[in-house]
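Residue-level structural notes
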Amino acid sequence: MESNNPSFTLVSISLLESNPVKIVTGPLSANFRSPELHFFLEPDGQHSITFHISNTQLYRLGEVQSLCVSEGSETTKEKTYSKGITIQFKDEEESSSFHGAFELWKKEVVIQGSSLANGTVSSSKSKFDDKIEASSAKMYFHYYGQLLHQQNMMQDYVRTGSYYAAVIENQVDFAGRVVVDVGAGSGILSLFAAQAGAKHVYAVEASEMADYAQKLIAGNPLLAQRITVIKGKVEDVELPEKADILISEPMGTLLVNERMLESYVIARDRFLVPNGKMFPSVGRIHMAPFSDEYLYVEIANKALFWQQQNYYGVDLTALHGTAFHGYFSQPVVDAFDPRLLVAPAISHVIDFSTVKEEDLYEIKIPLKFTASVGTRIHGLACWFDVLFNGRLLDASHKPSLLSFAQQQRYPIPPGQGMGEVICRQIIPLPLGKPTVRRLLPGRSPAKRKTLLLLQDVIFVLEQGGILQTSSCRLDLKEPYYRMSQPQAYSSSQDQQPNQLLQSQDLQLSSLDEDGSDFIQQPINDSGVQIH
Ligand SMILES: C[S@@+](CC[C@H](N)C(=O)[O-])C[C@H]1O[C@@H](n2cnc3c(N)ncnc32)[C@H](O)[C@@H]1O
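Residues numbered from 1 in each chain as written. Predicted model: local features only at pLDDT ≥ 70, side-chain atom pairs only at ≥ 80, totals over all residues. Heavy atoms only, no water.

In the annotation of an unreviewed UniProt entry, the entry for the chain reads type I protein arginine methyltransferase, and the organism field reads Tanacetum coccineum. The Catalytic activity (unreviewed entry) field of the UniProt record for the chain holds the comment "L-arginyl-[protein] + 2 S-adenosyl-L-methionine = N(omega),N(omega)-dimethyl-L-arginyl-[protein] + 2 S-adenosyl-L-homocysteine + 2 H(+)". (UniProt positions renumbered as here; feature names shortened; annotations may be inferred.)

Overview of the nonpolar core
Counting residues in hydrophobic clusters, the biggest one holds 71 residues, and the most contacted among them are Phe174, Val180, Leu246 and Leu255. Residues Leu10, Phe32, Phe39 and Leu58 belong to the second largest nonpolar core, which totals 23 residues. (Core = buried A, V, L, I, M, F, W, Y, C linked by side-chain atoms within 4.5 Å. Buried < 20%, exposed > 50% of the residue type's maximum accessible area, 1.4 Å probe, protein only.)

Quick notes on the pattern of salt bridges
This structure, assessed with the given rule, holds 9 salt bridges. One salt bridge in this structure joins arginine 159 and glutamate 249, with 2.6 Å as the shortest N-O distance. With arginine 159 in helix 5 (residues 157-168) and glutamate 249 in the loop between strand 11 (243-248) and helix 10 (260-271), this residue pair connects regions lying 90 residues apart in the sequence. For arginine 159, a relative accessible area of 5% corresponds to the buried category. With a relative accessible area of 9%, glutamate 249 lands in the buried category. In this structure, the salt-bridge partner of aspartate 269 is arginine 268, at a minimum N-O distance of 2.9 Å. The network of salt bridges with common partners includes Glu208, Asp211 and Lys231. (Salt bridge = Lys/Arg side-chain N within 4 Å of Asp/Glu carboxyl O. Helix = DSSP H or I, 4+ residues; strand = E, 2+ residues; numbered from the N terminus.)

Things to note about the pairing of strand 4 (residues 48-52)
In terms of burial, strand 4 is a largely internal element, 4 of the 5 residues being buried. Direction of pairing for strand 3 (residues 36-40) relative to strand 4: antiparallel, over a ladder of 5 bridges. Residue phenylalanine 40 lies in a different strand from strand 4, and its bridge partner there is serine 48. (Pairing = 2+ DSSP bridges.)

Considerations on helix 11 (residues 293-302)
Of all 10 residues that make up helix 11, 8 are buried, and the element is covered over most of its length. The complete set of buried residues in helix 11 reads Glu293, Tyr294, Leu295, Tyr296, Val297, Glu298, Ile299 and Ala300. Where helix 11 begins, the side chain of aspartate 292 points an oxygen toward the backbone nitrogen of tyrosine 294, at a separation of 3.2 Å. (Polar contact = N/O pair within 3.5 Å; in protein donor to acceptor, adjacent residues only side chain to side chain.)

Regarding unusual backbone geometry
Trans is the common state for peptide bonds, and a negative phi is the common state for residues other than glycine. Residue proline 280 is bonded to the preceding phenylalanine 279 through a cis peptide linkage, with omega at 5°. Residue placement: proline 280 occurs in the loop between strand 12 (272-279) and strand 13 (282-290). Of note in this structure, asparagine 275 is not a glycine but carries a positive phi near 65°. Mapped onto the fold, asparagine 275 is located in strand 12. With relative accessibility at 81%, the residue asparagine 275 sits in the exposed group. The phi torsion at tyrosine 312 lies on the positive side, around 50°, for a residue other than glycine. Position of tyrosine 312 relative to the elements: it lies in the loop between helix 11 and helix 12 (320-328).

Considerations on the layout of surface pockets
Taken as a whole, the largest pocket spans an internal volume of roughly 730 Å³. Surrounding the largest pocket, 27 residues form its lining, Ser48, Thr50, Leu239, Pro240 and Glu241 being those nearest its centre. Per-class residue counts for the lining of the largest pocket are 11 nonpolar, 8 polar and 8 charged. (1 Å grid on protein atoms, 1.4 Å probe; cavity = no way out; pocket = protein on both sides within 12 Å on 5 of 7 lines; lining within 4 Å. Points joined across faces, edges and corners; volume = space filled by probe spheres on them. Nonpolar A, V, L, I, M, F, W, Y, C, P; charged D, E, K, R; others polar.)

Points about empty space enclosed by the protein
Tallying each qualifying case throughout the model produces 6 cavities of 30 Å³ or more. Its volume calculated, the largest cavity comes out at about 360 Å³. Forming the boundary of the largest cavity are 29 residues, of which Gly183, Ala184, Gly185, Glu205 and Met260 lie nearest the centre. Of all elements in the fold, only helix 3 (134-144), helix 4 (147-154), strand 8 (178-182), helix 7 (188-195), strand 9 (200-205) and helix 10 reach the threshold of two or more residues within the lining of the largest cavity. Taken together, the residues of the lining of the largest cavity sort by class into 14 nonpolar, 7 polar and 8 charged.

Digging into the packing of aromatic side chains
Counted under the stated rule, the structure contains 18 aromatic pairs. Consider the rings of phenylalanine 174 and phenylalanine 279, whose centres lie 5.0 Å apart with planes at 65°: the pair is edge-to-face. Highlighted residues: phenylalanine 174 in helix 6 (residues 171-174) and phenylalanine 279 in strand 12, separated in sequence by 105 residues. For the pair formed by phenylalanine 174 and phenylalanine 279, the shared burial category is buried. Clustering of aromatic rings is evident, with ring pairs tying together Phe8, Phe32, Phe39, Phe51, Phe89 and Phe98. (Phe/Tyr/Trp six-rings, centres within 6.5 Å; stacked < 30°, edge-to-face > 60°.)

Focus on the environment of valine 11
Mapping valine 11 onto the fold places it in strand 1 (residues 7-15). The class of valine 11 is partly exposed, set by a relative accessible area of 39%. Valine 11 sits 53 residues away from valine 64 along the chain, and the two C-alpha atoms are 9.7 Å apart. In this structure valine 11 touches Val24, Thr25, Gly26, Gln88, Phe89 and Lys90, once residues within four positions along its chain are discounted. (Contact = heavy atoms within 4.5 Å.)

Brief notes about helix 8 (residues 209-218)
Every buried residue of helix 8 is listed here: Met209, Ala210, Ala213 and Ile217. Summarising the axial view, the buried residues of helix 8 lie within an arc of 100°, below the 170-degree limit, and thus occupy one face. Buried residues in helix 8 make contact with helix 3, helix 4, helix 7, strand 9, helix 9 (221-224) and strand 10 (227-231). (Arc of directions from axis to C-beta.)

Some thoughts on the side chain of serine 66
Within the fold, serine 66 resides in strand 6 (residues 65-71). At 2.7 Å, the side chain of serine 66 forms a polar contact with the side chain of histidine 99.

Notes on a nonpolar patch on the surface
The grouping of Phe305, Tyr311, Tyr312 and Val314 at the surface amounts to a nonpolar patch, some 440 Å² of accessible area in total. Structurally, tyrosine 311 can be placed in the loop between helix 11 and helix 12. In this structure tyrosine 311 comes out as partly exposed when scored by relative accessible area, which is 31%. (Patch = residues over 30% accessible without salt bridge, like charges linked within 9 Å, V, L, I, M, F, W, Y side chains within 5 Å. Areas by Shrake-Rupley, 256 points an atom, 1.4 Å probe, with all protein chains shown as cover.)

Take a look at the structure:
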């Protein structure tokens, strides 16, 4: 037995998922290649069943017979197994060495050990469980398990229509190909892929929505025979074959919130053939400083309530400062006139086909803005888009673009940032200085959602020849959904302070129990698209 990749000879394997149970007789082989265990069903090694260290259990059924199973999703009410085989060894000795190698394999990466009544079993946490707190994951998948939230996303016609166009206009990429839908939700993208002629689509969904997706797909029988719904996390599930294409909608607020991009990248590494396609293939975050006196006054006015000195005989002013800073740390989600931007946008590109999962834990984006007009700057405006680089579109060199109209603005309070500063020019920091200017979607290690988005945004301003540095700390929690029609401004200088915009103060967000918010919001149809 080799110590690194031990191999074993087996007499037969019974595939428990087939009905009736299919028995493949050997000689066959099994091979531990951390973090996977492969059972080869043919001598040439063409067909194999793969188990992942994270969710595999091994039980001794007899002296020369064992059961190997892969655990299903933790979110299901009952314990489920997504895959199982029984193995027949040639003798007791081979069986013992196989179990020994299994234990060793598990020990290398096992995080948690446990014992089950019917055998010595090692259970390990999956990569997902290791990163995300169980309570956070539970809330996250509970949210997506509800049909109304999937409906919200489906009713976002800019979003769903762009995906439909990207798939159907690139049928040539999908026809006859194996597709994995990463986080399939209702299964809508799997159905599009099947419409485009995919040979087979594996729709992987971790939430209870997988059951509804199964129903929806069964209700479209012409497509259903080419779609398999797999309930589980892409980090854990095993698929019988590799994919030519991954399709997914992993974007959260400002692209990175929800941390689902990490799952998309893990799915790429686990399931995609070399040089396979990803739909979408690239995401971009765009940022530019804005000047908007109306918004500034509106936000400042929200805290006026706390300036009352006689609220039923109570002086509220002690909390005015806290409320004021609270309102200014809320990102504002609205559509805005691009003319409010006072410097060319900086774009940060994430190439999904090459980015490493770890690179998504902390994304640093240097900010070097040069203002085009001398004006008051009230914060940073951010938006994002993703690109689909299909084969047809490659040929015409025109990838289709899904531009998200939902934009965030991060107003900066006076004294903490640019609110008070008349800025003529924002000057890049000289290289090598210890202070950094960056947009930092700070890692919130154990959370799937309450990702800090902006931290320590430091601007350097030139004012009368003196360099001035400002910084503030903002995050994505509880955005203010200000669904106003974009106002036409003649120029940013024309704005009158103390005049409030007539905005519909729609609090569309649905908050979790802990009051935080991770969700995708319906996009305002009137959203300005900025490219
Ligand atoms: C933004 S929704 C998109 C749903 C659907 N693809 C669509 O476009 O309408 C993301 C979905 O991915 C699922 N999801 C997130 N992380 C996952 C993971 N690691 N494994 C499997 N599903 C996941 C969520 O439960 C959710 O249903």
